[in-house]
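Report on the structure
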Amino acid sequence: MNEFFEKALKRYPISDVKDKQNALYEITQQVVLAGLHRGGFFDRAAFYGGTCLRLFHQLPRFSEDMDFSLLAPDEQFCFENYFQPIIDEFDSVGRRVEIKKKDKKMFGRVDSAFLKDNTDVYNVAFQTEKTIKVKIEVDTQPPLRFQTEQRALTLPYTFMVRCFELSDLYAGKMHALVFRNWKTRVKGRDWYDFEWYVRWRVPLDFAHLQERIREFNGVEMSRDEFMSALRERLAATNIEDVKLDVRRFVINPHELDIWSNDYFLQLADMIVFK
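Attention here is on the structure that accompanies the text.

What counts, and at which threshold
- Residues numbered from 1 in each chain as written.
- Predicted model: local features only at pLDDT ≥ 70, side-chain atom pairs only at ≥ 80, totals over all residues.
- Heavy atoms only, no water.
- Helix = DSSP H or I, 4+ residues; strand = E, 2+ residues; numbered from the N terminus.
- Rg over C-alpha atoms; globule rule 2.2 N^0.38 Å.
- Buried < 20%, exposed > 50% of the residue type's maximum accessible area, 1.4 Å probe, protein only.
- Areas by Shrake-Rupley, 256 points an atom, 1.4 Å probe, with all protein chains shown as cover.
- Phe/Tyr/Trp six-rings, centres within 6.5 Å; stacked < 30°, edge-to-face > 60°.
- Lys NZ or Arg CZ within 6 Å of the ring centre and 35° of its normal.
- Core = buried A, V, L, I, M, F, W, Y, C linked by side-chain atoms within 4.5 Å.
- Contact = heavy atoms within 4.5 Å.
- Axes fitted to C-alpha atoms, helices over the stretch in contact; angles between N-to-C directions.
- Parallel < 35°, antiparallel > 145°, perpendicular 65-115°, else oblique.
- Left-handed = near helix turned anticlockwise from the far one by under 90°.
- Nonpolar A, V, L, I, M, F, W, Y, C, P; charged D, E, K, R; others polar.

Regarding its fold elements, the protein chain presents eleven helices and nine strands. A compact globule built from 274 residues should have a C-alpha radius of gyration of about 19 Å, and the protein chain, at 18 Å, falls within 12% of that. A principal-axis box enclosing the C-alpha atoms of the protein chain has dimensions of 50 × 45 × 35 Å. By the burial criterion, 54% of the 274 residues in the protein chain qualify as buried. Per element, the accessible surface of the protein chain, about 12,600 Å² overall, is 47% carbon and sulfur.

Below, the structure written as structure tokens:
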């Protein structure tokens, strides 16, 4: 552990190994974003997903993966051009990392649920600390009809990141909640984020959600049809499996005590559309 990471860890309440691991992931994610910023990546792409919600909207759970979307389709886009700015950023804080492109043929259904042939996936890992590995996905042929905004981050220095607006972040999460394929474990983080959006009365951008369903699933779906599919999934899923997945990421596990299928069905009735 070097000086930068030791100082950054002091920003987090750490009581066990799990807390430290989550904090290290988050610090690593912020350094990745800084490198992408310096490399000009956000002139062409935007950040979305659970990690974006955590870093820029204070979602009270940790996250592992980083998801990005180009602002416009570009089959010739090459994310490898941004490897060196990321590596240089880690060098500046005293860490050595390696970045490797993942072979999508090796993915299981959970990993590949929303991957298309034109979605590239990469791993960023420390050369000396193999337990920290951040997966990065970049969609080069993205569903459109989304809006972005500039959000400030202060670690490892102050800089701006282009992010999806909240309503479109919400749309991405609801698409995942209803359509994500499960192999051996439900992704309870989708459920946790859904609860957060409802609690804060974030309006759901159904136009972008429709684009995602059309692009990834090849079907047209009305609002009523989507709500029916959502309620079906909320009612049928084993809620204990949902809790098991998300518990290690949650800062206050007692938040999950109220969770039940009926509770989430009631949350569905509280959705506000944009």
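Read on, since the account is not over.
With that settled, consider the packing of aromatic side chains. Per the counting criterion, the structure on display carries 27 aromatic pairs. Between F41 and F68 the ring centres are 5.2 Å apart and the planes differ by 90°, which places this aromatic pair in the edge-to-face class. In this pair, F41 sits in the loop between α2 (17–38) and β1 (45–48) while F68 sits in strand β2 (residues 66–70), placing the two residues 27 residues apart along the sequence. The buried category is assigned to F41, whose relative accessible area is 0%. Ring-pair connections join several aromatic residues into one group, and the members of that group are F41, F42, F47, F56, F68, F77, F79, Y82, F83 and Y122. Of note, R38 hangs over the ring of Y157, and the distance from its end group to the ring centre comes to 4.1 Å. Positioned above the aromatic ring of F62 is the side chain of R54, whose terminal nitrogen or guanidinium carbon lies 4.3 Å from the ring centre.

As a further point, take the nonpolar core. Ranked by internal contacts, the top residues of the largest apolar core, which has 90 residues, are L33, F47, F79 and F226. Per element, the largest residue contribution to this core is nine residues, and it comes from α2. Leaving out residues up to four positions away in the same chain, L33 has contacts with F42, F47, L55, F56, M66, F68, L153, F159 and V161.

Moving on: the packing of helix α7 (residues 188–199) against helix α11 (residues 261–268). One way to put it is that α7 packs onto α11 with a least axis distance of 10 Å and a crossing angle of 45°. On the basis of their axis angle, the class for α7 and α11 is oblique. Relative to α11, the crossing made by α7 is left-handed. In this structure, α7 uses W191, F194, E195 and V198 to contact α11, whose residues at the interface are Y263, F264, L267 and A268. Along the lines of polarity and charge, the residues of the contact of α7 with α11 split into seven nonpolar, no polar and one charged.

Okay, the packing of α7 against helix α10 (residues 239–246) next. Remark: α7 packs on α10, axes separated minimally by 7 Å, with the N-to-C direction vectors making an angle of 90°. Considering their axes alone, α7 and α10 lie roughly perpendicular with respect to each other. Where α7 approaches α10, its residues G188, R189, W191 and Y192 are matched on the opposing element by I239, V242, D245 and V246.

This brings us to helix α4 (residues 83–92). The set of residues buried in α4 consists of F83, P85, I86, I87, E89 and F90. G94, located one to two residues past α4, shows a positive phi value of around 85°.

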